[in-house]
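Working through the structure, step by step
Here is what each chain is made of, one letter per residue.
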Amino acid sequence: MREISHAQFEHGTARGGRGPIDPGSLTASSRDAISQLSQTGWRFLILAEIANFGVLRRHLGRPRVDSLIVDVAARISEALPDARVVIAGRDVAEVAFECEARLALDVSIAALEVAFERAFDIDGESHTIQIRLGGAAAAGHRDEVHLIEEAEFALSEARTERSPIARDATGNTAAIDRAELAEDLTKAIEREELFLQYQPKVHLRRQEITSVEALVRWNHPTRGLVLPGDFIPLAEESRDIVALTLWTIRQSIKDQKTLADHGHDLRIFINIAGVLLADTCFVRRACALVEASGARLGFEITETSVIRDPDSAIANLKVFAEIGIVIAIDDYGAGLSSLAYLKQLPARELKIDKLFVTQLTSSNRDPLIVRSTIDLAHALEMEVVAEGVETQAAMALLSVMGCDMIQGFLISRPINLDALIHFMEDGKYQAMAADLRAPFSRLATVWKRG
Ligand code: C2E
Ligand code: MG
Ligand code: MG
């Protein structure tokens, strides 16, 4: 770590407008807010990362790119002369400062954005250094670790959002919140707080439900219902995903038997996180459970998870397919796709991501994408499932395009096992799938626009 500048902010106002905040530029209400904060004072940390480090390394070579962070730190010091700038890695600098106004964080981030619009002269050539910024603000009394965690979290959000992020480390921070949730999750399985809901897939030509997807939910003792988008990524990070998925497989086996006992021998599809496809221990345990039960199961995997480690993922998927587990490719079109891998996968179903399906009848391009995906899947001898079907019009259009199955709120939201059994016996979905004629007149115009 190398310290570039030790200059501190003066408390009160920044000097001559060169510091992070120019009080002259503030509105009356901002000035009021700032004067209210003047008793507490704020500390700030901005992490500045070179976003185009890889590209610059190719242009400049390794020795020069490794010292580029010194140029970056110098430019930061020039833009924020009162901040302490520390080189924290080959491509990251830490920028720390204090001020009595919370607004200083946003103003400083904006100042850095402007400063990096100007190209750098590197060995006689002009290069733009793209800078990624994640910043955190903490009221004086909050400890240093919170501030760093929150700035790191802001930087990781800035990577996905592709824009600078400023976070507040004053309340119950997102980083602490995530840490607490991850800790609770480890106990959730033993405490039986997880449960499964099922969402049916309707086969359009056969007008029957052929399978269901199992979706995990968490009944948290204090937070209430937590959806998988909030805890599956945590489980992947902490490796709880192994125990969680084995629990899901066991529960699905039990529920599949209950369904079969009621005369509905439906295949249950389970979502399998990408990290598990390279985990031979998980693969062995999952196979042992499925083989011993004889249950009809399917696994939904994403293409992105295969691309990470294609050799072992493809080998393990073949092991699953050999013992009768149907493989479906989930969220097709939403992540990384590779035709080279697609044709090697032992998959029988391809699920078009809901991103393309929910916009189907209002967008010009999506119908073309969906249509060509259906043709591609059929050429590879896969059946196509459209997920996220919310309207009759979308269902009818998909039927015309030759889509085999649909899944979505139009048919049913994800529901508990009891409700699923009731739903199967009710038979209303058959009437719905049969009623494909009504929207056809509207469809003709939609299709022409597409
Ligand atoms: P997914 O596998 O693509 O599941 C479909 C998601 O779309 C579900 O969200 C479902 O409730 C939602 N959905 C279904 N129909 C519609 C519709 O018509 N419109 C819209 N807008 N949404 C619809 P959910 O249950 O929140 O699950 C989100 C994701 O969490 C799943 O996406 C899956 O990737 C993951 N997930 C769920 N359960 C598990 C699990 O047991 N293990 C793993 N590894 N991941 C899981
Ligand atoms: Mg799925
Ligand atoms: Mg999906």
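Up top is the structure.
Quick caveat: nothing in here was measured; it's all calculated off a predicted structure.

What counts, and where the lines are drawn
- Residues numbered from 1 in each chain as written.
- Chains lettered and ligands numbered in written order.
- Predicted model: local features only at pLDDT ≥ 70, side-chain atom pairs only at ≥ 80, totals over all residues.
- Heavy atoms only, no water.
- Donors = N, O, S within 2.8 Å, 3.2 Å for Na, K, Ca; no water.
- Helix = DSSP H or I, 4+ residues; strand = E, 2+ residues; numbered from the N terminus.
- Buried < 20%, exposed > 50% of the residue type's maximum accessible area, 1.4 Å probe, protein only.
- Contact = heavy atoms within 4.5 Å.
- Core = buried A, V, L, I, M, F, W, Y, C linked by side-chain atoms within 4.5 Å.
- Expected span 1.5 Å × (residues − 1).
- Arc of directions from axis to C-beta.

Here we come to the coordination of the magnesium ion (ligand 3). Here the magnesium ion (ligand 3) is held by the protein donor atoms Asp330 (OD), Asp331 (OD), Glu387 (OE) and Glu387 (OE), which lie 2.1 to 2.7 Å from it. All donors of the magnesium ion (ligand 3) come from a single chain, and their spacing in sequence reads D-D-x55-E. Between the magnesium ion (ligand 3) and the magnesium ion (ligand 2), a separation of 3.9 Å is found, and both are coordinated by Asp330. With a gap of 56 residues between them, Asp331 in strand β14 (residues 326-332) and Glu387 in strand β16 (residues 383-387) connect regions that are remote in the sequence. Residue Asp331 is classed as partly exposed on the basis of its relative accessible area, which comes to 27%.

As for its position among the elements, Gly408 is in the loop between β17 (405-407) and α17 (417-426). For Gly408, a relative accessible area of 2% corresponds to the buried category. Taking the C-alpha atoms as reference, Gly408 lies 9.4 Å from Val202; in sequence the two are 206 residues apart. Apart from residues no more than four positions distant in its own chain, Gly408 is found in contact with Gln199, Gly388 and Val389.

The protein atoms that coordinate the magnesium ion (ligand 2) are Glu213 (OE), Asn271 (OD1), Glu300 (OE) and Asp330 (OD), at distances of 2.1 to 2.3 Å. Every donor residue of the magnesium ion (ligand 2) comes from the same chain, spaced as E-x57-N-x28-E-x29-D.

With that settled, consider the nonpolar core. Within the largest apolar cluster, 82 residues are counted, with the highest numbers of intra-cluster contacts made by Phe282 and Phe320. Here this core takes eight residues from helix α9 (residues 240-261), the largest share from any one element. Other than its neighbours up to four places away in sequence, Phe320 contacts Leu277, Phe282, Val283, Ala286, Cys287, Phe299, Ile325 and Ile327. Counting residues in each nonpolar core, the second largest holds 37 residues, with Leu60, Ala79, Val85 and Ile122 among its members.

This next bit is on helix α15 (residues 366-379). Under the 1.5 Å per step criterion, the end-to-end length of α15 is 20 Å for 14 residues, consistent within 8% with the ideal 20 Å. Turning to α15, its buried residues are Asp366, Pro367, Val370, Thr373, Ile374 and Ala377. End-on, the buried residues of α15 take up no more than an arc of 130 degrees, which puts them together on one face. Looking at the residues trailing α15, positive phi occurs at Glu381, about 60 degrees.

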